[in-house]
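Residues per chain, in single letters:
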Amino acid sequence: MARVIFYSKPGCKGGTKQKVLLTAAGHEVIPYNLLTEPWTVERLRSFFGDRPVAEWFNPSAPKVKSGEVVPEKVDEQTALALMLKEPLLIRRPLLEVGEQREVGFDVQKIDAWIGLQAVDESLQEISDNLMKENLQGCSHGHGHHHEHGHEHQKQGNCKH
């Protein structure tokens, strides 16, 4: 079982489901707010590996959807500068296990990397329990807190 550092946007339904899946597979998930993390160019770049620059971007980011930022037309340095200025542009989640880092939640890739098989066959029951219990607050003891608490309840069934 792995200790997964998980950078995402608090309240995101997709991020919540991803954390549940990881936890149901027996992994320890340490969540961080991607939007408030003090990123550096080097650290952020380390998550993207050899992916094309266009795949670094969150396709749902308002500036991407509006066409203000066209990921296919941005070079590496410009992309990183834009993302440091506006973290909503970063594809989510960013995952870190030991020294290895990944971007996005490609189930097959993550399964091959750290495994996503449930620790027992009652995945649905485990997921339901995790949604009610483990996602109610941050239990990793890093003084981490979430902003927009009421927004969480509306958007992601996240009760913290």
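Residues numbered from 1 in each chain as written. Predicted model: local features only at pLDDT ≥ 70, side-chain atom pairs only at ≥ 80, totals over all residues. Heavy atoms only, no water.

Convention followed: UniProt positions are given in the numbering used here, feature names are shortened, and annotations may be inferred rather than shown by experiment.
The name given to the chain in an unreviewed UniProt entry is Nitrogenase-associated protein, with the source organism recorded as Nostoc commune NIES-4072. What UniProt records for the chain under Sequence similarities (unreviewed entry) is the sentence "Belongs to the ArsC family."

**Regarding the overall build of the chain**
Convention followed: In DSSP terms, a helix is any run of H or I states spanning at least four residues, a strand is any run of E spanning at least two, and both are numbered starting from the N terminus. Classification of residues uses two cut-offs on accessible area relative to the type maximum, computed with a 1.4 Å probe and protein chains only: under 20% is buried, over 50% is exposed, and between them is partly exposed. Should any heavy atoms of two residues lie within 4.5 Å, those residues are considered in contact.
Summing up its helical and strand segments, the chain has seven helices and four strands in all. Shown N-terminal to C-terminal, the secondary structure of the chain runs as helices and strands in the order β-α-β-α-α-α-β-β-α-α-α. When the 160 residues of the chain are sorted by exposure, 42% land in the buried category. Across the chain, every contact between residues at least 6 apart in sequence was considered, and the portion connecting residues at least 24 apart equals 66%.

**A few points about the side chain of Glu 37**
Threshold: Whenever a nitrogen or oxygen atom comes within 3.5 Å of another N or O atom, the pair is scored as a polar contact, on the condition that within protein one atom can donate a hydrogen and the other can accept it, and that pairs from neighbouring residues in sequence are kept only if both atoms are in side chains.
With respect to the helices and strands, the residue Glu 37 is situated in the loop between strand E2 (28–33) and helix H2 (41–45). Engagement of the side chain of Glu 37 in a polar contact is seen with the side chain of Arg 43, the distance being 3.2 Å.

**Brief notes about the packing of aromatic side chains**
Here the distance between the centres and the angle between the planes together describe a pair of aromatic rings. Quick note on the threshold: Any pair of Phe, Tyr and Trp rings, taking the six-membered ring for Trp, is counted once the centres come within 6.5 Å. Such a pair is stacked with planes under 30 degrees apart, edge-to-face with planes over 60 apart, and tilted for the rest. Should the NZ of a Lys or the CZ of an Arg lie within 6 Å of a ring centre and within 35 degrees of the ring normal, that charge is described as sitting over the ring.
Counted by the stated rule, this structure contains five aromatic pairs. Grouping aromatic residues by their ring pairs yields a cluster made of Tyr 7, Tyr 32, Trp 39 and Phe 47. Stacked on the ring of Phe 47, the Lys or Arg Arg 101 has its end atom at 5.6 Å from the ring centre.

**Observations regarding the pattern of salt bridges**
As a reminder, the rule being used: Put simply, a salt bridge is a Lys or Arg side-chain nitrogen that is within 4 Å of an Asp or Glu carboxyl oxygen.
Tallied over the full model, the rule gives eight salt bridges. Measuring nitrogen to oxygen at the nearest pair gives 3.1 Å for the salt bridge that ties Glu 76 to Arg 45. Separated by 31 residues along the polypeptide, Glu 76 in helix H4 (residues 76–85) and Arg 45 in helix H2 bring together distant segments of the chain. For Arg 51, the salt bridge is made with Glu 55, and the minimal N-O distance between the two is 3.2 Å. Exposure remark for Glu 55: the relative accessible area of 35% places this residue in the partly exposed category.

**Some words on the sheet that holds strand E3 (residues 94–97)**
Note the following rule: For two strands to count as paired, DSSP must find a minimum of two bridges between them. Only the stretch in contact is used when a helix axis is fitted, and all axes are lines through C-alpha atoms; the angle between N-to-C directions ranges over 0 to 180 degrees.
With respect to topology, four strands assemble into an open sheet ordered E2-E1-E3-E4, the strand pairing being mixed. With partners counted over all chains shown, the strands left at the sheet margins are E2 and strand E4 (100–103), one partner each. Neighbour to neighbour, the strand axes of the sheet diverge by 20° on average, direction disregarded. Against the sheet, helix H1 (residues 13–24) makes contact with strand E1 (3–8) and E2, and its axis sits at roughly 175° relative to E1, the strand it touches most.

**Focus on the environment of Leu 80**
As for its position among the elements, Leu 80 is in helix H4. For Leu 80, a relative accessible area of 1% translates into the label buried. Separated by 38 residues in sequence, Leu 80 and Glu 42 place their C-alpha atoms 9.1 Å apart. Once you skip the residues sitting within four places of it in the chain, Leu 80 turns out to touch Val 41, Leu 44, Arg 45, Phe 48 and Trp 56.

**Overview of the pairing of E3**
Neither face of E3 is left uncovered, since the one carrying Leu 94 and Glu 96 and the one carrying Leu 95 and Val 97 both have all their residues buried. Both E1 and E3 contribute to a ladder of three bridges, which runs antiparallel. Within E3, the residue paired with Phe 6 across the bridge is Leu 95. Sheet topology places E3 next to E4; four bridges connect them, and they run antiparallel. By the bridge assignment for E4, Glu 96 is matched with Arg 101. Connecting E3 to the next strand, E4, in antiparallel fashion are two residues, including Gly 98 with a positive phi near 60°.

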